[in-house]
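Close look at the chain arrangement
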Amino acid sequence: MNDQELEQKIKENWGDGIVSLRPSLNGLEVRVTPNIFKEFARWLAADQEMEFNYLRCLSTVDWVQEQEIEVVYHLFSLRHRHHLVLKVRVPRKEPQLPTVSDIWATANWHEREAYDLMGVFFVGHPDLRRLFLPPGFEGHPLRKDYIHDIERFDDEFAEKIRRGEIQ
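Since this is a predicted model, take the numbers as computed values, not measurements.

1. Details of the pairing of strand S2 (residues 27-32)
Of all the 6 residues making up S2, 5 are buried; the element is thus mostly covered by neighbouring parts of the structure. Where strand S1 (residues 18-24) lies against S2, 6 bridges are found, and the strand directions are antiparallel. Considered in S2, the bridge of Ser 24 is made with Gly 27. The loop that links S1 with its antiparallel partner S2 comprises 2 residues. Taken together, the 5 bridges between S2 and strand S5 (residues 83-91) define a ladder with parallel strand orientation. Counted as the bridge partner of Val 30 is Leu 86 from S5.

Right under this line is the structure:
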C-alpha cells in the first residue's frame, strides 16, 4: 500500500476525526483529534493492509502560543515496510492521552519519558512515574516556560547524596 492509498483509506474510515493529512519525509503525517486517538491507533496496528506494529519513537512539542502540547508517534510496519507519523494535540494546562503501551510495547518507556520531561499524563499506563528525574522533582524541564535553576538543583542533589538519600 503506497502513501496515496493509505491516505485514501484513512479519509474513508476516519473523516471528521482527521485534523490534517499530508505527505512528509517520514511517511504520511496524520494529525487526529484526541477523542479518536486511541481507537485510531488501535486500527493502525490491527488493520492487515497497514499493520503499523512498531512504534519507533514518541516525542513531544510544546506549542506555548497555542497553549497545546503535541505528542508525535513515529510508526513503522515491519511487514509492509512503510512509515507513518501520528500526531495529536492536547491542552497544555492538563495534557493527557490514553496510553498506547497496550498496543505498542515500546510506548511504555517513551510515555514515561514524555510524562517526566513534558508533563503529559497517559491514562491507563501500567507504571507512569518519573524516568530520568528524581522523585519529588518539581516541574517538567522540557517545557519552554520551565525555569532552569541548575545551581539550586545541584545543591539539593548534592545535599541528598551527602545524607545518603541517593546512592
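From this point, the discussion proceeds with the structure in view.
2. A look at the environment of Asn 26
Along the polypeptide, Asn 26 turns up in the loop between S1 and S2. What Asn 26 contacts, discounting residues up to four positions off in sequence, is His 74, His 83, Leu 84 and Val 85.

3. Some thoughts on the pattern of salt bridges
Here the structure, examined in full by the defined rule, presents 15 salt bridges. Its salt-bridge partner being Lys 87, residue Glu 29 comes within 3.4 Å of it at the nearest N-O pair. Residue Glu 29 is located in strand S2, and its partner Lys 87 is located in strand S5; the two are separated by 58 residues in the primary sequence. There is no split in this pair, since Glu 29 and Lys 87 are both buried. With a shortest N-O distance of 2.9 Å, Asp 127 and Arg 129 are connected by a salt bridge. The network of salt bridges with common partners includes Lys 9, Asp 47 and Glu 49.

4. Observations concerning the sheet that holds S5
Strand order in the open sheet made by the 5 strands is S1-S2-S5-S4-S3, with mixed pairing throughout. Taken across any chain shown, the strands that pair with only one partner, and hence form the sheet edges, are S1 and strand S3 (54-63). Taking the axes of each pair of neighbouring strands and ignoring which way they run, one obtains an average angle of 20 degrees across the sheet. As paired strands, strand S4 (residues 68-76) and S5 are joined by 9 bridges and run antiparallel to one another. Each bridged residue has a counterpart across the sheet, and for Leu 75 the counterpart in S5 is Leu 84. The strands touched by helix H1 (residues 3-14) are S1, S2 and S5; relative to S2, the strand with the most contacts, the crossing angle is about 15 degrees. The strands touched by helix H3 (residues 107-118) are S3 and S4; relative to S3, the strand with the most contacts, the crossing angle is about 15 degrees.

5. Let's talk about the packing of aromatic side chains
Enumeration over the complete set of coordinates arrives at 6 aromatic pairs. Residues Phe 40 and Trp 43 carry aromatic rings whose centres are separated by 5.7 Å and whose planes lie at 35 degrees to one another, so their mutual orientation is tilted. Residue Phe 40 and its partner Trp 43 are located together in helix H2 (residues 37-46), separated by 3 residues, close to a single helical turn. With a relative accessible area of 17%, Trp 43 lands in the buried category. Measuring from ring centre to ring centre gives 6.4 Å for Tyr 115 and Phe 121, while their planes differ by 75 degrees; the resulting arrangement is edge-to-face. What links up through ring pairs into an aromatic cluster is the set Trp 14, Phe 40 and Trp 43.

6. Some details on the pairing of S4
Put simply, side chains in a regular strand alternate between the two faces of the sheet. Burial analysis of S4 places 8 of its 9 residues in the buried class, the great majority of the element. The pairing of S3 with S4 spans 9 bridges and is classified as antiparallel. Each residue of the ladder has a partner; that of Leu 55, found in S4, is Leu 75. Where S3 folds back on S4, the antiparallel hairpin that results is connected by 4 residues, among which Gln 67 adopts a positive phi of roughly 55 degrees.

Quick notes on the rules
- Residues numbered from 1 in each chain as written.
- Predicted model: local features only at pLDDT ≥ 70, side-chain atom pairs only at ≥ 80, totals over all residues.
- Heavy atoms only, no water.
- Buried < 20%, exposed > 50% of the residue type's maximum accessible area, 1.4 Å probe, protein only.
- Helix = DSSP H or I, 4+ residues; strand = E, 2+ residues; numbered from the N terminus.
- Pairing = 2+ DSSP bridges.
- Contact = heavy atoms within 4.5 Å.
- Salt bridge = Lys/Arg side-chain N within 4 Å of Asp/Glu carboxyl O.
- Axes fitted to C-alpha atoms, helices over the stretch in contact; angles between N-to-C directions.
- Phe/Tyr/Trp six-rings, centres within 6.5 Å; stacked < 30°, edge-to-face > 60°.

As far as function goes, none of this settles anything; it's purely spatial.
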